[in-house]
Amino acid sequence: MANAHRRVGDQPWVRRSLIGTALLLAMFMLVIPVVVIFAQALSAGWSTFADNVTDQYTLHAIGLTLFVAALTVPLNLVFGTALAWSVTRFHFPGRKLLITLIDIPFAVSPVIAGLLYLLLYGRNGWLGGWLANYDVQLMFSWPGIVMVTVFVTCPFVARELIPLMQQQGSEEEEAGVVLGASGWRIFRKITLPNIKWALIYGVVLTNARAVGEFGAVSVVSGNVRGETNTLPLHVELLYQDYNVVGAFASASLLAAIAMLTLVVKAFVEWRQSRPIVSTPEKEVS
Amino acid sequence: MSITIDRISKTFGRFQALRDVALEIPEGKLTALLGPSGSGKTTLLRIIAGLESSDSGRILFGGEDVSSLHVRNRNIGFVFQHYALFRHLTVAENIAFGLESLPRRQRPSKPEIRQRVAKLLEMIQLPQLADRYPAQLSGGQKQRVALARALATQPRILLLDEPFGALDAKVRKDLRRWLRALHDEFHFTSIFVTHDQEEALELSDQVVVMSQGQVEQVNTPTELYAKPESRFVFDFLGHVNVLSGVVRGQKLVQGDAWVSLPGNRSEQEAQLYLRPHEVHLARAPDAHARLPLRIDAVSLIGSEVRIELVPEGWQSNEIWEVGMSHNEFARQNPSRGELWYGVPDIGHLFSGDNGQPKTVDWHCRDVAKACNI
């Protein structure tokens, strides 16, 4: 029934106008821009779109972006899990502080993060100068891009896991260790299955951000076409070259990745909200 | 395997959870750790298991120091208060977990494990639920599975943390009986933590009463109930009626109430503790006691009629309770609002700071002078 959730005394016009406003705003701020991206990308026809996407530099940008994500995601998967494990399973001085520190990448503007890395690891920086003596260059090359991306995306996995692991408690793990299981066996058989979906959710978000990060990367990459240009940087570069169709073609790739992420995210959320099991009843009497 | 707890202390921050606890748990017996919350009983259990480390002291299993032995290698069974079943594993997989965790050389073969699990499922009377997940079980079923899981590796020590705390009254009673039967059959050394005195007294061979991180008293249930050694134990085990007053001459007096105390005593404050079955009611005061009480409530449920009374002309922190057989009740027919007099048969007198009570028996006073006071 349409009116099932109507409270007594709520005016129908209030309801209608609120819903209408929300829909209108979503339309103009979310839906239309996404549609425009694809419309612009395809405005000069499919073949131009295909030419733009298969352009040498675009292909390189796609490759670099995926490469960065492929390194960032596993690193932050391990880091986030270890962090969540340590703050939820152990009590040590500074634990609360550590939980707060996890949020620094969310609180700091990515551009500033990029600048900090530049100052620290750049040729004239503290560590960068020392590393340069050994012919190691981190900034303005792919390692720098990976480093800032790791920084920007490191809270996602930990933030998904911490509340869940806090809520689940450590009783099951204690039961495991009392039964004689090794640490690795406990992690694989007890902890991992319990946090699986939250972990996947964290990975999806990490990946989305790693692919789309612009600010921090633009500071440390040096924007060398065909070398240190990621897809988001490439979009901007093309746009500044007045290649609007090219820019939108690349942007549409990013948008497509984002939409795929949303689909995966919705699926994972649905899985997470389901009770653990519902195997068919098997009564053997 | 006997367990020796040798001067264990533990603090959490500034809170002293256990101070210098020394205890002997006899082999093959079912021992209860009884105490209010915060008394340190669960901490002690976790230290015995190795899930918590102590600040000082030693734990010995059968005379062997296990203080620095990892939990994993202590080979104990532990049943958690909230079951702690592995939610992603089926009942059978849960029970098999301990066997599958054994080092390769000791691990039974797959068919052997399957057989052992089937046997344990028989034992807990749930063979039809082997393929269910914990979320599909009732509380009582979960607790049984937790027990089977703990017993799968045949530990010689079984530790249970408030094993029946989260169950409803009926299931709790059934499980208690079942656990007792199981224990009598296999004779492992068991310790269980509880805050329920009835559970402790009914189920165990030995009760350890704890309070504020210390052991108050250790004894068999019968002895413990009959001879509590401190006010705390008295208060904690069942209801107790208290007359708190001053000893004058041969009487303990407070307001309109008094009780005669044979023998000469110096004038001092004292409390007389009386169990509900150690007092009876009369229409008129007795020669050795005058305890005016007004009936506040009568409860007929149970094997005895329980009468709640309020002091009249004197004071008590808690209401008084007196038990009466249904026969007696039918004969005397006491009803609400009436004034009656309490007549003590046996009492326990605490005086001054002296921890131990003295037993006063008014019955044998008339019969013989041999009554020890």
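Quantities reported herein were computed from a predicted structural model and do not represent experimental measurements.

Novice: Just to check I follow, could you spell out the overall build of chain B for this structure?
Specialist: When helices and strands are counted, chain B shows 10 helices and 22 strands. Referenced to the eigenvectors of the C-alpha coordinate spread, the extents of chain B come out at roughly 75 × 45 × 40 Å. Looking at the 373 residues of chain B, the share that counts as buried comes to 49%. Considering only contacts within chain B whose residues lie at least 6 apart along the sequence, 64% involve residues at least 24 apart. When the accessible area of chain B is evaluated, it comes to approximately 17,500 Å², of which 46% is carbon and sulfur surface. Treating the 44 positive side-chain charges of chain B as one cloud and the 45 negative ones as another, the clouds have centres 6 Å apart.

Novice: Which parts of the structure should I look at to understand a positive patch on the surface?
Specialist: On the surface, Arg188 and Lys189 of chain A together with Arg104, Arg107, Lys110 and Arg114 of chain B cluster together to form a positively charged patch. For the positive patch, the secondary-structure elements that each account for two or more residues are α11 (183–212) of chain A together with α3 (110–123) of chain B.

Novice: Can you walk me through the nonpolar core in this structure?
Specialist: One broad rule of soluble globular proteins: the nonpolar side chains tend to lie buried together. Residues and elements named next belong to chain B. Counting residues in each nonpolar core, the largest one holds 46 residues, and the members touching the most others are Ile95, Ile124, Val145, Leu147, Leu151 and Leu158. Examining the composition of this core, we find that six residues originate from one element, helix α4 (residues 139–151), more than from any other. Contact partners of Ile95, with chain neighbours within four places excluded, come to Val117, Leu120, Leu121, Ile124, Val145, Ala148, Arg149 and Ala152.

Novice: Would you mind going over the packing of helix α6 (residues 110–121) of chain A against helix α8 (residues 142–153) of chain A with me for this structure?
Specialist: A pair of packed helices is captured by two measures, namely the crossing angle of their axes and the spacing between those axes. All names here are of chain A. Their axes nearest at 10 Å, the elements α6 and α8 cross at an angle of 135°. Looking at the two axes, α6 sits oblique to α8. Where α6 crosses over α8, the two elements pack in a sense that is right-handed. Taken together, the residues of α8 that come into contact with α6 (itself represented by Pro110, Ala113, Gly114, Tyr117 and Tyr121) are Met147, Val148, Phe151 and Val152. Residue classes in the contact of α6 with α8 are distributed as eight nonpolar, one polar and no charged.

Novice: Can you walk me through the packing of helix α9 (residues 155–168) of chain A against α11 of chain A in this structure?
Specialist: Residue and element names in this part refer to chain A. At a minimum axis distance of 7 Å, the contact between α9 and α11 shows a crossing angle of 155°. Taken as axis vectors, α9 and α11 run roughly antiparallel relative to one another. In this structure, α9 crosses over α11, and the sense of that crossing is right-handed. Facing α9, whose interface residues are Phe156, Val157, Glu160, Leu161, Leu164, Met165 and Gln168, α11 presents Thr191, Asn194, Ile195, Ala198, Leu199, Tyr201, Gly202, Val203, Leu205, Thr206 and Arg209. Partitioning the contact of α9 with α11 into residue classes produces 11 nonpolar, five polar and two charged.

Novice: I tried to follow the UniProt feature "domain: ABC transporter" (unreviewed entry) in chain B on my own but got confused; where do I start?
Specialist: Under the UniProt annotation, the feature "domain: ABC transporter" (unreviewed entry) is placed at residues 3–237 of chain B. Split by type, residues 3–237 of chain B is 35% helix and 26% strand. Its first and last C-alpha atoms lie 25 Å apart.

Novice: Help me out: how do you make sense of the domain arrangement of chain B in this one?
Specialist: A common measure of how large an interface is: the accessible area buried when the components associate. Parsing chain B into structural domains produces domain 1 (3–227) and domain 2 (239–367). Distance between the C-alpha centres of domain 1 of chain B and domain 2 of chain B: 40 Å.

Novice: Even after reading the chapter, I still don't get the interface of chain A and chain B, so can you show me in this structure?
Specialist: Listed by partner, the interface residues are 25 residues for chain A and 25 residues for chain B. Interface area for chain A against chain B, summed over the two sides, is near 2,600 Å², with a carbon-plus-sulfur share of 57%. Contact with chain B buries area across many residues of chain A, yet Glu172, Val178 and Leu179 of chain A alone supply 25% of it, more than any other trio. Viewed at the interface, chain B and chain A are joined by three salt bridges. The closest approach of N and O atoms between Glu172 of chain A and Arg87 of chain B, which form a salt bridge, is 2.7 Å. Along the contact surface separating chain A from chain B lie seven residue pairs in polar contact (both at pLDDT 80 or more). Counting residues per element, the ones that place at least two in the side of chain A that touches chain B are α10 (171–178) and α11 of chain A.

Novice: Where do I start with the pairing of strand β20 (residues 339–344) of chain B in this structure?
Specialist: On a regular strand, one side chain projects to one face of the sheet and the next to the other, so that they alternate. All names here are of chain B. Across the six residues that make up β20, a large majority, five, are buried. With four bridges connecting them, strand β15 (residues 279–282) and β20 associate as antiparallel partners. Looking at β20, one finds that Val279 is bridged to Pro344. Direction of pairing for strand β17 (residues 292–299) relative to β20: antiparallel, over a ladder of three bridges.

Novice: How do you make sense of the sheet that holds strand β11 (residues 241–248) of chain B when you look at a structure like this?
Specialist: All names here are of chain B. Ordered by their spatial adjacency, seven strands build an open sheet running β16-β13-β12-β11-β14-β21-β22, and the pairing between neighbours is antiparallel. Each edge of the open sheet is held by one strand with a lone partner, namely β16 (289–290) and β22 (358–361). Note: strand β21 (residues 346–351) against β22, four bridges, orientation antiparallel. Directly across from Leu349, in β22, lies its bridge partner Lys358.

Novice: Sorry if this is basic, but what is going on with the UniProt feature "domain: ABC transmembrane type-1" (unreviewed entry) in chain A here?
Specialist: UniProt feature "domain: ABC transmembrane type-1" (unreviewed entry): in the numbering of this structure it lies at residues 62–266 of chain A. Between the end C-alpha atoms of residues 62–266 of chain A there is a gap of 25 Å, over a span that is 80% helix and 0% strand.

Novice: Looking at this model, I keep getting lost on the UniProt feature "transmembrane region" (unreviewed entry) in chain A. Mind explaining?
Specialist: Using the residue numbers shown here, the UniProt feature "transmembrane region" (unreviewed entry) corresponds to residues 21–42, 62–85, 97–120, 140–158, 198–222 and 242–264 of chain A. Note that residues 62–85 of chain A is 100% helix and 0% strand, and that its end C-alpha atoms are spaced 34 Å apart.

Novice: Just checking my understanding: could you explain the pairing of β17 of chain B for this structure?
Specialist: Residues and elements named next belong to chain B. Where β17 meets strand β18 (residues 305–311), six bridges bridge the pair, whose relative direction is antiparallel. Among the inter-strand pairings, Ala297 is bridged to a residue of β18, identified as Glu308. Hairpin geometry of β17 and β18 is characterised by an intervening segment of five residues between the two adjacent antiparallel strands and by a positive phi of about 110° at Gly302.

About the thresholds
- Residues numbered from 1 in each chain as written.
- Chains lettered and ligands numbered in written order.
- Predicted model: local features only at pLDDT ≥ 70, side-chain atom pairs only at ≥ 80, totals over all residues.
- Heavy atoms only, no water.
- Helix = DSSP H or I, 4+ residues; strand = E, 2+ residues; numbered from the N terminus.
- Buried < 20%, exposed > 50% of the residue type's maximum accessible area, 1.4 Å probe, protein only.
- Contact = heavy atoms within 4.5 Å.
- Areas by Shrake-Rupley, 256 points an atom, 1.4 Å probe, with all protein chains shown as cover.
- Lys, Arg positive; Asp, Glu negative; His and termini not counted.
- Charge placed at Lys NZ, Arg CZ, Asp CG, Glu CD.
- Patch = residues over 30% accessible without salt bridge, like charges linked within 9 Å, V, L, I, M, F, W, Y side chains within 5 Å.
- Salt bridge = Lys/Arg side-chain N within 4 Å of Asp/Glu carboxyl O.
- Core = buried A, V, L, I, M, F, W, Y, C linked by side-chain atoms within 4.5 Å.
- Axes fitted to C-alpha atoms, helices over the stretch in contact; angles between N-to-C directions.
- Parallel < 35°, antiparallel > 145°, perpendicular 65-115°, else oblique.
- Left-handed = near helix turned anticlockwise from the far one by under 90°.
- Nonpolar A, V, L, I, M, F, W, Y, C, P; charged D, E, K, R; others polar.
- UniProt positions renumbered as here; feature names shortened; annotations may be inferred.
- Domains from an automatic or database assignment.
- Buried area = accessible area lost by both parts, 1.4 Å probe.
- Polar contact = N/O pair within 3.5 Å; in protein donor to acceptor, adjacent residues only side chain to side chain.
- Pairing = 2+ DSSP bridges.

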